[in-house]
Amino acid sequence: MDTFSAAVMLFLIMDPLGNLPIFASILRHIDPKKRRRVLIRELLFALGIMLLFLFAGEAILNFLNLRSESVSIAGGIILFLIAIRMIFPQPGGVVGLAAGEEPFIVPMAIPLMAGPSVLAALILLAHTDSSRMLDWTIALLAAWGVSAVILLFYKVFTKVLGEKGLTAVERLMGMVLVMISVQMFLDGIASYMAHMGQAAQ
């Protein structure tokens, strides 16, 4: 895989367009003056986490005696809880924060931006060819940069959709997110069971 292909793959997995309604919903409950600062901070957190997993993900999982399936299962559970709040709105929005309270790392940085699929893909890239870490880093920075630009202009999409349109899209994305989270959870379980089956043999 060349650098461009890796960047496209990571961009598609990050899915910034799919995350737009969720980010807009979370930021809607924050003081307008703080929204851009919070968004940039969470994007930088996500980048830092993704770089960490690119360079040390496999070592971290091994040190903690965790399997990559754990990342998928945990991410699936978190996304499922967020999706339920999107479909059935509650005070505090999709993350249950008090009005004006800022999200911190969860859920914007993890698992929305730096989700289990992205982290697993980064570990896989590093594991496949560790001699091309510069290429993988460039690919990650390119994918993150394009995603960040799209998310930073979430207000444009908010104005186009309007309040009711945004609510409708949010609930629709909640339904999609439920399916994604369940698939993520099942993939983790299936991968774990397959590994246990191989170990038993």
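Everything quoted here is computed from the prediction, not taken from an experiment. (Residues numbered from 1 in each chain as written. Predicted model: local features only at pLDDT ≥ 70, side-chain atom pairs only at ≥ 80, totals over all residues. Heavy atoms only, no water.)

Glancing now at unusual backbone geometry. A cis amide bond links Val 106 to the next residue, Pro 107, at an omega of 5°. For Pro 107, the position within the fold is in the loop between helix 4 (68-87) and helix 5 (108-113). Of note in this structure, Asp 15 is not a glycine but carries a positive phi near 50°. For Asp 15, a relative accessible area of 34% gives the class partly exposed. (Helix = DSSP H or I, 4+ residues; strand = E, 2+ residues; numbered from the N terminus. Buried < 20%, exposed > 50% of the residue type's maximum accessible area, 1.4 Å probe, protein only.)

Before going further, it helps to spend a moment on the UniProt feature "transmembrane region" (unreviewed entry) in the protein. What UniProt calls "transmembrane region" (unreviewed entry) maps, in this numbering, to residues 6-27, 39-64, 70-88, 109-127, 133-154 and 175-194. For residues 109-127, the helix share is 89%, the strand share is 0%, and the end-to-end C-alpha distance is 24 Å. (UniProt positions renumbered as here; feature names shortened; annotations may be inferred.)

So, on to the packing of helix 1 (residues 3-14) against helix 6 (residues 116-128). Direction vectors running N to C along helix 1 and helix 6 enclose 160°, while the axes themselves pass 9 Å from each other. In this view, helix 1 runs roughly antiparallel relative to helix 6, as classed from their interaxial angle. In the packing of helix 1 onto helix 6, the handedness of the crossing is right-handed. The segment helix 1 lies against helix 6, with Ala 6, Met 9, Leu 10, Ile 13 and Met 14 engaging Ser 117, Val 118, Ala 121, Leu 122 and Leu 125. Partitioning the contact of helix 1 with helix 6 into residue classes produces 9 nonpolar, 1 polar and no charged. (Axes fitted to C-alpha atoms, helices over the stretch in contact; angles between N-to-C directions. Parallel < 35°, antiparallel > 145°, perpendicular 65-115°, else oblique. Left-handed = near helix turned anticlockwise from the far one by under 90°. Contact = heavy atoms within 4.5 Å. Nonpolar A, V, L, I, M, F, W, Y, C, P; charged D, E, K, R; others polar.)

Soluble globular proteins: nonpolar side chains tend toward being buried together. Core analysis: the biggest nonpolar cluster contains 54 residues, and Leu 10, Met 14, Leu 39, Leu 43, Met 50 and Trp 144 have the highest contact counts within it. Secondary-structure elements contributing two or more residues to this core are helix 1, helix 2 (16-27), helix 3 (35-63), helix 4, helix 5, helix 6, helix 7 (133-152) and helix 8 (154-200). Contact partners of Met 14, with chain neighbours within four places excluded, come to Asn 19, Met 50, Leu 112, Met 113, Val 118, Leu 140, Ala 143, Trp 144 and Ser 147. (Core = buried A, V, L, I, M, F, W, Y, C linked by side-chain atoms within 4.5 Å.)

Relative to each other, helix 3 and helix 6 sit at 70°, their axes nearing to 8 Å. On the basis of the axis angle, helix 3 is roughly perpendicular to helix 6. Once helix 3 is placed against helix 6, the crossing between them reads as right-handed. Taken together, the residues of helix 6 that come into contact with helix 3 (itself represented by Ile 49, Met 50, Phe 53, Leu 54, Gly 57, Glu 58 and Leu 61) are Val 118, Leu 119, Leu 122, Ile 123, Ala 126 and His 127. For the contact of helix 3 with helix 6, a count of residues per class yields 10 nonpolar, 2 polar and 1 charged.

Here we take up the side chain of Thr 137. Mapped onto the fold, Thr 137 is located in helix 7. A polar side-chain atom of Thr 137 sits 2.7 Å from the main-chain carbonyl oxygen of Met 133. (Polar contact = N/O pair within 3.5 Å; in protein donor to acceptor, adjacent residues only side chain to side chain.)

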